[in-house]
Amino acid sequence: MEKMITIRRLEGKDYDILEKYIKTNGLDKYSGFKDNFIYIAVIEDRSILGISEIEIAGIKTAQINLIFINQENRKEGLGDGLFRSTLYYLLTNGYENVLIQSCKEIEHFLFKRSQGLTEFNVNELVGKSSKKIYLCNISILLESKCRV
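Below is a summary of the structure that appears in this document. (Residues numbered from 1 in each chain as written. Predicted model: local features only at pLDDT ≥ 70, side-chain atom pairs only at ≥ 80, totals over all residues. Heavy atoms only, no water.)

**Focus: the overall build of the chain**
- Counting its regular elements, the chain contains five helices and seven strands.
- Across the 148 residues in the chain, those meeting the buried criterion constitute 38%.
- Only carbon and sulfur atoms are counted for the fraction: they give 49% of the accessible area of the chain, which is about 9100 Å². (Helix = DSSP H or I, 4+ residues; strand = E, 2+ residues; numbered from the N terminus. Buried < 20%, exposed > 50% of the residue type's maximum accessible area, 1.4 Å probe, protein only. Areas by Shrake-Rupley, 256 points an atom, 1.4 Å probe, with all protein chains shown as cover.)

Have a look at this one:
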């Protein structure tokens, strides 16, 4: 029998499992894990395979703080599915733009569709690091058929 994978928003009742998942995978150094953050998860048979963490950044703008897929489940298209599901969730809930911190995989995805993409250097904004942040139009990102 084939296992069923779902991608859905985690609710308060899921937070014990989410908190354990974050700590077990060492994500607590990256994740703010706050009750007001929104979490989308890839789930198979009640086990989390990956998560995204969303923070509301302003009117019609959200920020994706984290996208993570378990090491053993990578290269299966789950990252792409989670990223797209996160974007779709944001779009259907009234958000037009998303802030995304740079990393190799995300840049590969984003650079293929430069329309609606604005780059910021975080060092210029907060004086802390040289990480880049991209302001992206969600509708344009969802039009792409490329995988992360």
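From this point, the narrative continues.
**What to know about the packing of aromatic side chains**
- Per the counting criterion, the structure on display carries two aromatic pairs.
- Residues tyrosine 15 and tyrosine 39 carry aromatic rings whose centres are separated by 5.9 Å and whose planes lie at 85 degrees to one another, so their mutual orientation is edge-to-face. Taken together, the residues span a long stretch of sequence, with tyrosine 15 in helix H1 (residues 15-24) and tyrosine 39 in strand S2 (residues 38-44) at a distance of 24 residues.
- Exposure remark for tyrosine 15: the relative accessible area of 12% places this residue in the buried category.
- For tyrosine 39, a relative accessible area of 0% gives the class buried.
- On the basis of an interplanar angle of 65 degrees and a centroid distance of 6.3 Å, the ring pair of tyrosine 21 and phenylalanine 68 is categorised as edge-to-face. (Phe/Tyr/Trp six-rings, centres within 6.5 Å; stacked < 30°, edge-to-face > 60°.)

**Focus on unusual backbone geometry**
- Even without being a glycine, lysine 60 presents a positive backbone phi close to 65 degrees.
- Relative to the helices and strands, lysine 60 is located in the loop between strand S3 (47-58) and strand S4 (61-69).
- Residue lysine 60 is classed as partly exposed on the basis of its relative accessible area of 41%.
- Of note, lysine 75 is a non-glycine position whose phi angle comes to about 70 degrees, a positive value.
- The topology assignment puts lysine 75 in the loop between S4 and helix H2 (78-92).
- The class of lysine 75 is exposed, set by a relative accessible area of 86%.

**As for the environment of leucine 78**
- Relative to the helices and strands, leucine 78 resides in helix H2.
- According to the relative accessible area criterion, leucine 78 is buried, its value standing at 10%.
- Here the alpha-carbon distance between leucine 78 and isoleucine 5, two residues 73 residues apart in the chain, equals 9.5 Å.
- Apart from the residues within four sequence positions on either side, leucine 78 is in contact with Ile5, Val42, Leu49, Ile69 and Asn73. (Contact = heavy atoms within 4.5 Å.)

**Comments concerning the side chain of asparagine 73**
- Looking at the secondary structure, you find asparagine 73 in the loop between S4 and H2.
- Judged by its relative accessible area of 12%, asparagine 73 is buried.
- Aside from chain neighbours lying at most four places away, what touches asparagine 73 is Leu49 and Leu78.

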